[in-house]
Amino acid sequence: MKKLLIVVDYQNDFVTGSLGFKGAEALEEPIAGKIEEYRKMGTAGQIIFTMDTHDRHYMDTQEGRHLPVEHCLDGQDGWQLYGKIASLKGEQDLVFSKPTFGSYELGEYLHTHKEDYDSVEFVGVVTDICVISNIAVAKAAMPEVPIIVDASCVASNDPKRQEAALCVMESIHVEIKR
């Protein structure tokens with residue numbers, strides 16, 4: 001059995017780019033620490049990255065109409081993992097590109113592999129959008145596997161939404177480490 005770390009959308013555009021926000025940069029060291037912790041587990045630890053991924057037709061999507069800010073355009077600088085996290089991504093890590101908040105493919109993978117994991121821990125951004133969406137996907141895919149969020153490793157551009165998202169996660173039986 002393994003422990004799984006999922007790093008959600010810690011990409012340039014969410015840290016210092018078009019959707020960057022105060023507090024996102026401060027996650028770099030805590031997230032790097034989590035990645036290093038899971039690496040030290042050897043084969044008992046696994047890491048997955050989700051990557052918000054859009055193309056030139058983003059503004060024509062439902063998300064683009066509600067959030068008309070181009071971001072995470074596939075292959076562009078804003079799409080890349082941020083700072084130290086980019087250098088910590090290994091060849092063995094799985095990556096799920098996703099065109100919207102939650103990743104259906106991640107859910108399929110987790111459902112297929114639900115017997116392989118003791119726990120799943122989430123870190124990244126944005127807590128009240130992509131983090132919570134992927135947690136909901138994970139809970140549906142593997143309802144008996146404990147899901148953990150270290151509150152010091154997730155952030156939102158709105159402190160009230162950050163706290164509300166953490167409370168909602170607790171209500172669906174996610175362990176929040178504060």
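Everything discussed here concerns the structure shown above.
Residues numbered from 1 in each chain as written. Predicted model: local features only at pLDDT ≥ 70, side-chain atom pairs only at ≥ 80, totals over all residues. Heavy atoms only, no water.

A. Looking closely at the layout of surface pockets. Of the pockets and cavities examined, the largest pocket occupies roughly 170 Å³. Grouping the amino acids of the lining of the largest pocket by side-chain chemistry returns eight nonpolar, two polar and three charged. (1 Å grid on protein atoms, 1.4 Å probe; cavity = no way out; pocket = protein on both sides within 12 Å on 5 of 7 lines; lining within 4 Å. Points joined across faces, edges and corners; volume = space filled by probe spheres on them. Nonpolar A, V, L, I, M, F, W, Y, C, P; charged D, E, K, R; others polar.)

B. How the structure looks around helix α7 (residues 159–171). Helix length check: α7, at 13 residues, gives a terminal C-alpha distance of 19 Å against a target of 18 Å (1.5 Å per residue), a fit within 8%. When α7 is considered as a whole, its buried residues turn out to be Gln162, Ala165, Leu166 and Met169. For α7, the angular spread of buried residues about the axis comes to 100 degrees, placing them on one side. α7 presents Lys160, Arg161 and Ser171 as exposed residues on the side facing more than 90 degrees away from its buried surface. Its side-chain oxygen at 2.9 Å from the backbone nitrogen of Lys160, Asp158 defines the N-terminal cap of α7. His173, located one to two residues past α7, shows a positive phi value of around 70 degrees. (Helix = DSSP H or I, 4+ residues; strand = E, 2+ residues; numbered from the N terminus. Expected span 1.5 Å × (residues − 1). Buried < 20%, exposed > 50% of the residue type's maximum accessible area, 1.4 Å probe, protein only. Arc of directions from axis to C-beta. Polar contact = N/O pair within 3.5 Å; in protein donor to acceptor, adjacent residues only side chain to side chain.)

None of this, on its own, says anything about what the molecule does.
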